[in-house]
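Overview (structure and organization)
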Amino acid sequence: MTKPEALQLHHLPDDVLHRILSRLTFRESSRMGLLSRKWQKLWRSCCPKLVFTRATMFKPGNKTIRRTRTNFARRVNSLLRQLCAPPTLNKFVVKFGLRRKHTCHVNRWVGFCSKSRARHITFDFTPGVKGIFRGLADEKYIFHLHVFSVPDRSPAHIKSLHLSYVWLNTATTGFTGFANLKKLTLHKVSFLNDFQHLMLSECTALEWLSISCSSFTELTLCKPLRRLRYLSLHYCYMEKVDLEAPNLTSVDLTNRPIPLALSESLKVMEANIKLLHKSVLYGDNLDYICTELPAALPHVQKLSITSTLCIYDELQSFAKTSVRFINLRHLSLYLPLYGDGRSVGGILRLAYLLELAPVLEELELHFRFSDFVIRQAIRVDMLPYRHDKLKRVVMSGACHWQGLIELAHHIRRCASRIDCMIMDPMVRIKGLPTVDWLEERGRRIAKELLKRQEFQGVLTVL
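This text gives an overview of the structure that appears in the document. Since the model is a prediction, treat every value here as computed from it, not as a measurement. (Residues numbered from 1 in each chain as written. Predicted model: local features only at pLDDT ≥ 70, side-chain atom pairs only at ≥ 80, totals over all residues. Heavy atoms only, no water.)

Focus on the pattern of salt bridges
By the definition in use, this model includes four salt bridges. Where R99 meets E139, a salt bridge forms, and the shortest distance between an N and an O atom there is 3.5 Å. Here R99 is found in the loop between β2 (91-95) and α6 (103-115), whereas its partner E139 is found in the loop between β3 (120-124) and β4 (141-144), with 40 residues between them in sequence. Taking relative accessible area as the criterion, R99 reaches 7% and is therefore assigned buried. R392 serves as the salt-bridge partner of E362, at 2.6 Å between the closest nitrogen and oxygen. Placement of E362 in strand β19 (residues 362-368) and of R392 in strand β20 (residues 392-396) is noted, with a sequence separation of 30 residues between them. (Salt bridge = Lys/Arg side-chain N within 4 Å of Asp/Glu carboxyl O. Helix = DSSP H or I, 4+ residues; strand = E, 2+ residues; numbered from the N terminus. Buried < 20%, exposed > 50% of the residue type's maximum accessible area, 1.4 Å probe, protein only.)

Structure below.
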């Protein structure tokens, strides 16, 4: 009944206004709440997520307000005071480089999370670029999990939890665990007690676990994680992983070579393994790749491995095993090379991968080198291993070392049903930039050395 010229936005029905506010960003919707009491009431009742970051708390380009931790905390407190009766939140995020001296503020926010029954919670106090080298472990905020297990409420509402740059205290009295937690992410977290048995063992619904740059030596649990599907462990420098996770499907690991006890995880489809350097002279991780990984991940179908490879005459032999990757179809290796580029035997060890993966269909070998050494010859004295499944081979950075040309020739002799072999002179691993004339020279030499009948219609030199 309102005249068109007098129609304003707030005349619309409340359910329409709720939908409008729910589609705005947090910064925009909170500013709408300052227009009037009606808008403030609407904002209080329909903010399903609260996101407090540098971008949402400080206007870009405004230099009149210093972006300090104190100003950040004041602004967060001011907004939370407007929500006198906490709504049921879908998401609560705080991302700013706060410290232990801001404990009173953070405790208030954690309590607000608990009262509002937030489903997805993030507290990320990682320092910015300027303070990354000045942050000390003693300055981290101590996160007490018992706040979610007070008598009048339980942590059953929490679906995902992300903690960064905190001390985690799981031994506080009254903590009953997260019965419905599905996703847990920990980054640069220190532990005051036995985090594995006091917390992880009680997360029976956990499906996603990611731990990075955190301080604990091993991951072993007394109870199985039957719903766990994704496991990511990066730069924790562990010495052992022993998990019973029968439904695990994906593994992402960056660590030194360690014992992996995942034999009960028969559903692992994909794994990404990055092996850190060994400090042993003439030592690399090929023995570990060829013995430990097949035993830990026998049913993996897609495997990516990053590891340095040392090429010396002293490394022509290596350990072998009877265990195989029985389902491996796609294998990608990222191998920075060190040593003597004229050592052919050292690099031909990679041919054993064909025996390890009898049903392999696609093989990618990406190399990075520190020198350019190649001879005008190919040896044919190494007996081939017959492989009937391999169809496609890609080798990047493979036209510069003598042994790599030998390896390409040996793979072709082993795999009689290969449809496509691509030799790419460019280095696809991050590192020192390659020189154009070296790439052109490698391209020319590869064409000359591999100009054989068995490569006709199969080989492509990029």
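After presenting the structure, the write-up continues.
Let's talk about the nonpolar core
If you look at the biggest cluster of nonpolar residues, it comprises 119 residues, and the most contacted ones within it are F92, W109 and F123. In this structure, F123 is in contact with F92, V94, V106, W109, V110, C113, F143, H162, L163 and S164, ignoring residues within four places of it in sequence. (Core = buried A, V, L, I, M, F, W, Y, C linked by side-chain atoms within 4.5 Å. Contact = heavy atoms within 4.5 Å.)

A few points about the sheet that holds strand β14 (residues 260-261)
The sheet built from three strands is open, its strands ordered β10-β12-β14 with parallel pairing. With partners counted over all chains shown, the strands left at the sheet margins are β10 (218-220) and β14, one partner each. Across two bridges, strand β12 (residues 240-242) lies against β14 in parallel orientation. Looking at the pairing, D242 lines up with A261 of β14. (Pairing = 2+ DSSP bridges.)

Some words on the sheet that holds β4
Taken in spatial order, the three strands of this open sheet run β4-β6-β8, and their pairing is parallel. Of all the strands in the sheet, the pair left with one neighbour each is β4 and β8 (190-191).

With respect to the packing of aromatic side chains
Applying the stated criterion across every chain yields a total of 11 aromatic pairs. With a centroid separation of 5.9 Å and an interplanar angle of 85°, the aromatic rings of F125 and Y141 are classed as edge-to-face. One end of the pair, F125, is in the loop between β3 and β4; the other, Y141, is in strand β4, with 16 residues separating them in the sequence. The pair F125 / Y141 is uniform in exposure class, with both members buried. Measuring from centroid to centroid gives 6.1 Å for Y141 and F143, while their planes differ by 85°, and the two rings are edge-to-face. Across the pair, exposure class does not vary: Y141 and F143 are buried alike. Taken together through their ring pairs, the aromatic side chains of F52, F92, F112, F123, F125, Y141 and F143 make up a single cluster. Sitting over the ring of W208, K183 keeps its end group 4.5 Å from the ring centre. (Phe/Tyr/Trp six-rings, centres within 6.5 Å; stacked < 30°, edge-to-face > 60°. Lys NZ or Arg CZ within 6 Å of the ring centre and 35° of its normal.)

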